[in-house]
Amino acid sequence: MMNKQVIIVEDAAHLAHKGAELFAGIANRSVTMNGRFSVALSGGSTPRPMNRLLATEPYASQIPWQDTHIFMVDERMLPFEDPQSNFGALKADLLAKVPAVEGQIHPMPVWLEPAAAAAAYIRQLEVFFGNSSLKAPVFDLILLGIGSDGHTASLFPEVMAGLPAAPWVLAVRGGSPAVWRLTLNVTVLNQARHVCFLASGPEKSNIVRELFAESTPLLPAQMIAPAAGSLTFILDRTAAARLPESNR
Ligand code: 6PG
């Protein structure tokens, strides 16, 4: 049964600390339980302060980097040097500054054609998680953002209806920047042990309220309900401003 929690913090700086605490805690518990920690990280601007904190004390030395395996939730199909590259930002904020092991970092192959790139990333997931069963990979932690249109990862409302449910990774076109993207599919997001959404700022307050209301068709972010895992929303006060009391 899914365990759902909403954490409301003062501002973006507190959100970064809360996210970093959650990351470090889950990383250590995962290594204790399974000998490794697998995490998939999103792009966008919201996680960047948290990523920078993870590279600094007290967090950096709390994280078992040698047993940490980092994947991407989604990626814009741009060179990593492009300022809009998700992996480029993650590298600058975090990966270049911590003793993460290169073979344990899994950027999405943006240099391939979209369909071939999605297939190649599926193979990377199979190598890491095993493909002996058809069950989707089980990440220890997946961090997600929310777009003001209700998208999460690169799963956009306008393309969702036409997307196949089965592939673990999809190539889609849309969003801002409107380029080809690779994204983990809902089926993978919903197998994770922990999924955590981060949202900050008044421009997210309407969509945060909408996410907690009944709506059809479901917005992509509303499709996230880890079957056997926990779902946490870390919101700052301005993002949570329109959330009814009953959801706090
Ligand atoms: C991407 C993201 C995307 C992001 C949301 C929120 O590559 O665009 O992974 O899903 O999380 O758009 O973005 P912000 O954090 O910039 O608001």
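This text goes with the structure placed above it.
What counts and what doesn't
- Residues numbered from 1 in each chain as written.
- Predicted model: local features only at pLDDT ≥ 70, side-chain atom pairs only at ≥ 80, totals over all residues.
- Heavy atoms only, no water.
- Phe/Tyr/Trp six-rings, centres within 6.5 Å; stacked < 30°, edge-to-face > 60°.
- Helix = DSSP H or I, 4+ residues; strand = E, 2+ residues; numbered from the N terminus.
- Buried < 20%, exposed > 50% of the residue type's maximum accessible area, 1.4 Å probe, protein only.
- 1 Å grid on protein atoms, 1.4 Å probe; cavity = no way out; pocket = protein on both sides within 12 Å on 5 of 7 lines; lining within 4 Å.
- Points joined across faces, edges and corners; volume = space filled by probe spheres on them.
- Nonpolar A, V, L, I, M, F, W, Y, C, P; charged D, E, K, R; others polar.
- Near = heavy atom within 4 Å.
- Polar contact = N/O pair within 3.5 Å; in protein donor to acceptor, adjacent residues only side chain to side chain.
- Areas by Shrake-Rupley, 256 points an atom, 1.4 Å probe, with all protein chains shown as cover.
- Sits in = over half its atoms within 2 Å of the grid points.
- Pairing = 2+ DSSP bridges.
- Axes fitted to C-alpha atoms, helices over the stretch in contact; angles between N-to-C directions.

Visitor: Even after reading the chapter, I still don't get the packing of aromatic side chains, so can you show me in this structure?
Guide: Two measures describe an aromatic ring pair: the distance that separates the ring centres and the angle between the ring planes. This structure, assessed with the given rule, holds eleven aromatic pairs. Considering the side-chain rings of phenylalanine 80 and tryptophan 111, the 6.2 Å spacing of their centres and the 85° angle between planes classify their relative orientation as edge-to-face. Taken together, the positions of phenylalanine 80 in the loop between strand S4 (74–76) and helix H3 (86–93) and tryptophan 111 in the loop between strand S5 (105–106) and helix H4 (114–129) put the pair 31 residues apart, joining distant regions of the chain. Overall, phenylalanine 80 belongs to the partly exposed group, its relative accessible area being 21%. Here tryptophan 111 falls in the exposed class, since its relative accessible area comes to 60%. On the basis of an interplanar angle of 70° and a centroid distance of 4.8 Å, the ring pair of phenylalanine 129 and phenylalanine 139 is categorised as edge-to-face.

Visitor: Would you mind showing me how to read the layout of surface pockets here?
Guide: Which parts of space are left empty comes out when a probe the size of a water molecule is rolled across the atoms. Computed from the structure, the largest pocket encloses a volume of approximately 670 Å³. Around the largest pocket, the lining comprises 38 residues; the ones closest to its centre are Gly43, Gly44, Ser45, Thr46 and Arg76. Elements that contribute at least two residues to the lining of the largest pocket include exactly helix H1 (12–34), helix H2 (48–54), S4 and H3. For the lining of the largest pocket, the per-class residue count stands at 15 nonpolar, 16 polar and seven charged.

Visitor: Any chance you could explain the site of the ligand here in plain terms?
Guide: Neighbouring the ligand are 15 residues, the closest being Thr46, Asp74, His151, Ala153 and Lys204. Take serine 45: an N or O atom from its main chain is 2.7 Å from an oxygen atom of the ligand. One of the side-chain N or O atoms of arginine 76 is found 2.9 Å from an oxygen atom in the ligand. When the free accessible area of the ligand is taken as 420 Å², the share hidden by the protein chains comes to 88%. Among the cavities detected, the one that contains the ligand is the largest pocket. Split by residue class, the shell around the ligand holds two nonpolar, nine polar and four charged.

Visitor: What is the right way to look at the sheet that holds strand S7 (residues 169–174) in this model?
Guide: In any sheet, the strands associate via hydrogen bonds between backbone groups, in a parallel or an antiparallel arrangement. The strand order across the open sheet formed by three strands is S4-S8-S7, and the pairing between neighbours is antiparallel. The open sheet has two edge strands with one neighbour each: S4 and S7. Across the sheet, the mean angle from the axis of one strand to that of its neighbour is 20°, orientation sign disregarded. In this structure, S7 lies alongside strand S8 (residues 179–184), joined through six bridges in antiparallel fashion. Looking at S8, one finds that leucine 170 is bridged to threonine 183.

Visitor: Would you take a moment to explain the pairing of S8 for this structure?
Guide: Within a regular strand, the side chains alternate between the two sheet faces. Judged by how many residues are buried, S8 sits mostly within the fold: five of six residues are covered. Across three bridges, S4 lies against S8 in antiparallel orientation. Each residue of the ladder has a partner; that of aspartate 74, found in S8, is threonine 183. Hairpin remark: S7 followed by S8, antiparallel, with four residues in the connecting loop; positive phi at glycine 175, about 80°.

Geometric values such as these leave the question of function open.
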